[in-house]
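Breakdown of the fold
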Amino acid sequence: MSTDSEKQDFKGFIAKIKEGIDSVKDAKGTVLCISHIDADGLTSAGIIGKALHRANIQYQVRGVRQLELPIISELSMLKNIKNFIFSDLGGGQIEGINKYLSDRNILILDHHPVITPPKSKSIINVNPFPYNYDGSHQVSGSGISYFFAKTLDPKNIDSAAIAVVGALADRQDKGEKNSLTDLNRIIVKDGIKAGVLEENMDIRLFGRETRRIYQALEYTTDPFYPGLTGDGDMCIRFMRDTGIPQQKGDKWRTIQDLSEEERRTLVQALLTYGLQMGMSAEDAQSILGKVYTLTNEKPGTLLRDAREFGSLLNSCGRLGATGIAIGICMGERKFLLQEAETIMKEYRKKISQFLELVTLDSEHVKEYNNLIVFDGKDVIDDTMIGTIISIAISTKSFADKKKPLIGIAESNDGTVKVSCRGTGPLVAMGLDLGLALRGAVESIGSNAEGGGHNIAAGARIPQGTEQLLFENLNIAIEKQLKKDEAESKKQSSTKKAVKKPKTTTTKTTK
Ligand code: C5P
Ligand code: C5P
Ligand code: ZN
């Protein structure tokens, strides 16, 4: 049962959304929706697009890599567009919006921390933080877009499953057994009620619907199985030893094809193996967790399991096929799905090539006192550096270092893309990468910009300023971790460590 103050928070959040709805309903001409090109941004765009279509509001959707100043300035040249919606971005870029777009009607549906408040009444900023929801794990861009859609028309509750895809892709499954909590929980319940979603406890190997079981095991990095993760031959051997038939006729079976008995056998084998290899009981047991199924999608497709769906969208966004991804989120199929599958194969190939460069002893990797840098140079696409370091930091050798991982990649416009990733335990110790990066970027000057969450942040800086950035980040992160250490020493030693990522504005999770 929620408390009175929690009810007030929710009411306040919905009231703000209603303000935004009023402004969109009054729109004259086309509403231009600008969204992020990651899976959370693409699902946001799909949910908003579908809702505006249903409401007979004229709209266009576009994906951008980030709402950087040059992009905001470019948007301001579109004089015939009076209404913009920004989703999964914008909250951290209100300074630029104030500067270039304060004469337009702006609706921001974002979950990133807000640095500068809007300076005009025509800029409506819907954000979870003022209502005591933590945007890093209690609601994502797609979730905020979902609440917008549902408040506009209750029929849009059928978009709940797509919103869950976005939240999972942003790694918001920080609840018990990898579940979604808080505002995300409301969306899960709506999805179940609408008959578009199921939530079950199952084996959390990646690719439950589409991959051969040994491949799912090979590609899963969370949990990380020393000796199995990343090693196909060992996974084939491991699966053979379980005695579980891998094929039915000449068709390879997937996790979804396993019987209850076979599922139990596999879980037991993985538990025993994990413990033998020195995994903690908690890590070993994390093989079982919450999985989310889009019940209206065909079994055996990439759209049936919410986490696989997210990774399909991410591939499309990162390789420039945003139209295909948004179309799929809005319910279009036909050839789109086939095209998306081809893109995903290409994307996976690139990821595995790139990951080979990310090892602790690689010439691309340099360790500082408080961080590790991976320099992707001009070898790694700037749209993929974030994904690469997200995977790398969840592998054992990097996680064991207990330092955030900073990835950089050169772009062909004279800038460098920076992506930073932390871990739950580091955030619990005081790490806030968004804050550290913003500070480090400010010291470079006005031609650099960055921001993000405590656990994941990004920036774009001019080529040649990388070293300065690393040094500034190194100092900022040291202060964050030391300060927290000093504070926790002051407090009573009986206080339990918080494991999930939180900021000071975090609402207690039930
Ligand atoms: O812009 P946005 O908030 O949508 O992106 C969040 C990013 O942070 C995603 O790329 C997500 O995968 C990443 N993330 C991560 N590890 C976490 C939490 C988030 O890599 N533990
Ligand atoms: O780009 P990347 O995936 O590394 O971004 C990590 C997080 O930082 C995302 O949530 C992204 O939206 C955010 N970010 C930001 N401002 C930037 C770049 C990234 O808020 N200039
Ligand atoms: Zn997001």
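Residues numbered from 1 in each chain as written. Chains lettered and ligands numbered in written order. Predicted model: local features only at pLDDT ≥ 70, side-chain atom pairs only at ≥ 80, totals over all residues. Heavy atoms only, no water.

The number of helices and strands found in the protein chain is 19 helices and 15 strands. Expected size for 510 residues packed as a compact globule is a radius of gyration near 24 Å; at 22 Å, the protein chain falls within 12% of this value. By principal-axis analysis of the C-alpha atoms, the protein chain measures approximately 65 × 50 × 50 Å. Here the protein chain, with 510 residues, has 55% of them falling under the buried criterion. (Helix = DSSP H or I, 4+ residues; strand = E, 2+ residues; numbered from the N terminus. Rg over C-alpha atoms; globule rule 2.2 N^0.38 Å. Buried < 20%, exposed > 50% of the residue type's maximum accessible area, 1.4 Å probe, protein only.)

What follows is about the packing of aromatic side chains. Scanning all chains against the criterion turns up 11 aromatic pairs. Here the aromatic rings of Phe10 and Phe13 are separated by 6.5 Å at their centres, their planes lie at 40 degrees, and the arrangement is tilted. Taken together, the residues span about one helical turn, with Phe10 and Phe13 both in helix H1 (residues 4–25) at a distance of 3 residues. Accessibility expressed as a relative area gives 26% for Phe10, which makes it partly exposed. Take Phe13: its relative accessible area is 0%, and that puts it in the buried class. Their ring planes at 65 degrees and their centres at 6.0 Å tell us that Tyr368 and Phe470 sit as a pair that is edge-to-face. One end of the pair, Tyr368, is in the loop between strand S10 (365–367) and strand S11 (372–375); the other, Phe470, is in helix H19 (residues 466–490), with 102 residues separating them in the sequence. Put simply, the rings of Phe10, Phe13, Tyr131, Tyr133, Tyr146 and Phe147 pair up and form one aromatic cluster. (Phe/Tyr/Trp six-rings, centres within 6.5 Å; stacked < 30°, edge-to-face > 60°.)

Attention now moves to the packing of helix H2 (residues 39–54) against helix H5 (residues 141–152). The N-to-C vectors of H2 and H5 enclose an angle of 10 degrees; their axes lie 8 Å apart at closest approach. Considering the angle they form, H2 stands roughly parallel to H5. Contacts from Asp40, Thr43, Ser44, Ile47, Ile48, Ala51 and Leu52 in H2 reach Gly141, Ser142, Ser145, Tyr146, Phe148, Ala149 and Leu152 in H5. When grouped by side-chain class, the residues that make up the contact of H2 with H5 number 8 nonpolar, 5 polar and 1 charged. (Axes fitted to C-alpha atoms, helices over the stretch in contact; angles between N-to-C directions. Parallel < 35°, antiparallel > 145°, perpendicular 65-115°, else oblique. Contact = heavy atoms within 4.5 Å. Nonpolar A, V, L, I, M, F, W, Y, C, P; charged D, E, K, R; others polar.)

On to the pattern of salt bridges, then. Inspection of every chain in the model, using the stated rule, returns 25 salt bridges. For Lys482, the salt bridge is made with Glu478, and the minimal N-O distance between the two is 3.4 Å. Taken together, the positions of Lys482 and Glu478, both in helix H19 and 4 residues apart, correspond to about one turn of that helix. Of the residues examined, Glu478 reaches a relative accessible area of 30% and is grouped as partly exposed. (Salt bridge = Lys/Arg side-chain N within 4 Å of Asp/Glu carboxyl O.)

According to the domain assignment, the protein chain consists of domain 1 (10–190), domain 2 (211–299) and domain 3 (365–486). Computed from C-alpha atoms alone, the centre-to-centre distance between domain 2 and domain 3 is 32 Å. (Domains from an automatic or database assignment.)

Time to look at the coordination of the zinc ion (ligand 3). Donor atoms from the polypeptide that bind the zinc ion (ligand 3) are Asp40 (OD), Asp88 (OD), His111 (NE2) and Asp170 (OD), placed at 2.1 to 2.2 Å. Classification of the site at the zinc ion (ligand 3) as irregular follows from its 6 donor atoms and the range of 59 to 174 degrees in their angles at the metal. Along the chain, the residues that donate to the zinc ion (ligand 3) are spaced as D-x47-D-x22-H-x58-D. Here the residue Asp40 occupies a position in helix H2, and Asp170 occupies one in the loop between helix H6 (160–169) and helix H7 (182–193), the gap between them amounting to 130 residues. (Donors = N, O, S within 2.8 Å, 3.2 Å for Na, K, Ca; no water. Tetrahedral: all angles 85-135°; square planar, octahedral: opposite > 155°, others 65-115°.)

To continue, consider helix H9 (residues 232–242). One full turn of an α-helix is made of 3.6 residues, so residues set three or four places apart face in the same direction. Among the residues making up H9, those that are buried are Gly232, Cys235, Phe238, Met239 and Thr242. Looking down the long axis of H9, one finds its buried residues gathered within 120 degrees of arc, a one-sided arrangement. Looking at H9, the residues exposed on the side facing more than 90 degrees away from the buried face are Asp233, Arg240 and Asp241. Where H9 begins, the side chain of Asp231 points an oxygen toward the backbone nitrogen of Asp233, at a separation of 3.3 Å. Directly beyond the C-terminal end of H9, a positive phi value near 80 degrees is found at Gly243. (Arc of directions from axis to C-beta. Polar contact = N/O pair within 3.5 Å; in protein donor to acceptor, adjacent residues only side chain to side chain.)

Cis geometry is adopted by the peptide bond preceding Pro223, which originates at Asp222 and carries an omega value of 5 degrees. The residue Pro223 is located in the loop between helix H8 (213–219) and H9 in this model. A positive phi angle, close to 60 degrees, is found at Arg171, a residue other than glycine. Looking at the element boundaries, Arg171 is found in the loop between H6 and H7.

Turning our eyes to something else, we now look at the sheet that holds strand S5 (residues 123–126). The 5 strands lie next to each other as S2-S1-S3-S4-S5, forming an open sheet whose pairing is parallel. Across the chains shown, the open sheet's two edge strands, defined by having one partner strand only, are strand S2 (59–64) and S5. Shown here is a sheet whose adjacent strand axes are inclined to one another by a mean of 15 degrees, direction ignored. Across 5 bridges, the pairing between strand S3 (residues 83–87) and strand S4 (residues 105–109) is parallel. Directly across from Phe86, in S4, lies its bridge partner Ile108. Contacting strand S1 (31–36), S2, S3 and S4, H2 crosses the sheet at an angle of about 160 degrees to S1. (Pairing = 2+ DSSP bridges.)

With that settled, the discussion passes to the side chain of Thr301. With respect to the element layout, Thr301 can be found in the loop between strand S9 (288–294) and helix H12 (306–318). Among the residues examined, Thr301 registers a relative accessible area of 16% and is labelled buried. Reaching out from Thr301, the side chain makes a polar contact with the backbone oxygen of Lys298 at a distance of 2.8 Å. Aside from chain neighbours lying at most four places away, what touches Thr301 is Glu209 and Thr210.

As a further point, take the site of ligand 2. Around ligand 2, 16 residues are found, and the nearest of them are His112, Lys417, Ser419, Arg421 and Gly458. For ligand 2, an oxygen atom lies 2.8 Å from a polar atom in the side chain of Arg421. In the complex, the protein chains occlude 90% of the 460 Å² of accessible area that ligand 2 would expose alone. For the shell around ligand 2, the secondary-structure elements that each account for two or more residues are strand S13 (415–421), strand S14 (449–452) and strand S15 (456–462). A per-class count over the shell around ligand 2 returns 3 nonpolar, 10 polar and 3 charged. (Near = heavy atom within 4 Å. Areas by Shrake-Rupley, 256 points an atom, 1.4 Å probe, with all protein chains shown as cover.)

Okay, the environment of Asp190 next. Here Asp190 shows up in helix H7. Here the alpha-carbon distance between Asp190 and Lys150, two residues 40 residues apart in the chain, equals 10.0 Å. The contacts of Asp190, once residues within four sequence positions are left out, are Tyr146, Lys150, Ile157 and Ala160.

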